[in-house]
Amino acid sequence: MSENKVITVAAALITDRAGRYLLVRKRNTPYFMQPGGKPEPGETPQAALVRELWEELSLEVKLADLTPLGRFEDRAANEPGHKLIADMFAITTAQTDFSPAAEIEEVIWFDPRQPGEVILAPFSRSQLMPEA
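To keep things clear, this report deals only with the structure shown in the data block. Since the structure is predicted, the reported quantities are computational estimates derived from the model, not experimental observations.

Moving on, we get to the side chain of Arg-25. One can find Arg-25 in strand β2 (residues 21-26). Owing to a relative accessible area of 16%, Arg-25 belongs among the buried residues under this scheme.

As structure tokens, then:
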């Protein structure tokens, strides 16, 4: 991975009361990952995440709902040769139904105890859900 090929995102580790993870799959990719996206110029990771969750899932989140988990690095799933840097935040929600919008093709609740045939993005598999 080249150091000059870096993608920086803000993403959410969203869980429900059953301990499942909310994952999304973008169009034209097999990988499921945590929802989120790239901050716009001058936008904080928290503000970017609130905006992206609304745009992609119609999930309304307040800044106070975000629990910082840290900054993580891995290889990008959809951009070969790129490094991913993700500012991660935890969110717990009671909402169960989501409508994919923007570039999101599919939304699922993922149970790592029963992973099935879900293809996880490298970052999701190695950093956030290594038990899957």
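Past the structure itself, the notes keep going.
As a further point, take helix α1 (residues 45-57). For α1, with 13 residues, the first-to-last C-alpha span of 17 Å sits near the 18 Å given by 1.5 Å per residue. The set of residues buried in α1 consists of Ala-48, Leu-49, Val-50, Arg-51, Glu-52, Leu-53, Glu-56 and Leu-57. Summarising the contacts, the buried residues of α1 are in contact with β1 (6-15), β2, β4 (36-37), β6 (83-92) and β7 (104-110). Following α1 by one or two positions, Ser-58 adopts a phi angle in the positive range, close to 55°.

The next point concerns the pattern of salt bridges. The full count for this structure, using the stated rule, is 10 salt bridges. Among the ionic pairs, Arg-113 bridges to Asp-111, the shortest N-O distance being 2.9 Å. Here the residues in one salt-bridge network are Glu-40, Glu-43, Arg-51, Glu-52 and Glu-55, joined through shared partners.

Glancing now at the nonpolar core. Counting residues in each nonpolar core, the largest one holds 20 residues, and the members touching the most others are Ile-14, Leu-49, Leu-53, Leu-57, Leu-59, Leu-66 and Ile-91. Those elements giving two or more residues to this core turn out to be β1, β2, α1, β6 and β7. It is α1 that provides the largest number of residues to this core, a total of five residues. Ignoring any residue separated from it by four or fewer positions in sequence, one finds Ile-14 in contact with Arg-20, Tyr-21, Leu-22, Pro-35, Leu-53, Leu-59, Ile-91, Thr-93 and Trp-109.

A separate point is the side chain of Thr-15. Counting through the fold element by element, Thr-15 comes out in strand β1. For Thr-15, a relative accessible area of 18% corresponds to the buried category.

Parameters at a glance
- Residues numbered from 1 in each chain as written.
- Predicted model: local features only at pLDDT ≥ 70, side-chain atom pairs only at ≥ 80, totals over all residues.
- Heavy atoms only, no water.
- Helix = DSSP H or I, 4+ residues; strand = E, 2+ residues; numbered from the N terminus.
- Buried < 20%, exposed > 50% of the residue type's maximum accessible area, 1.4 Å probe, protein only.
- Expected span 1.5 Å × (residues − 1).
- Contact = heavy atoms within 4.5 Å.
- Salt bridge = Lys/Arg side-chain N within 4 Å of Asp/Glu carboxyl O.
- Core = buried A, V, L, I, M, F, W, Y, C linked by side-chain atoms within 4.5 Å.

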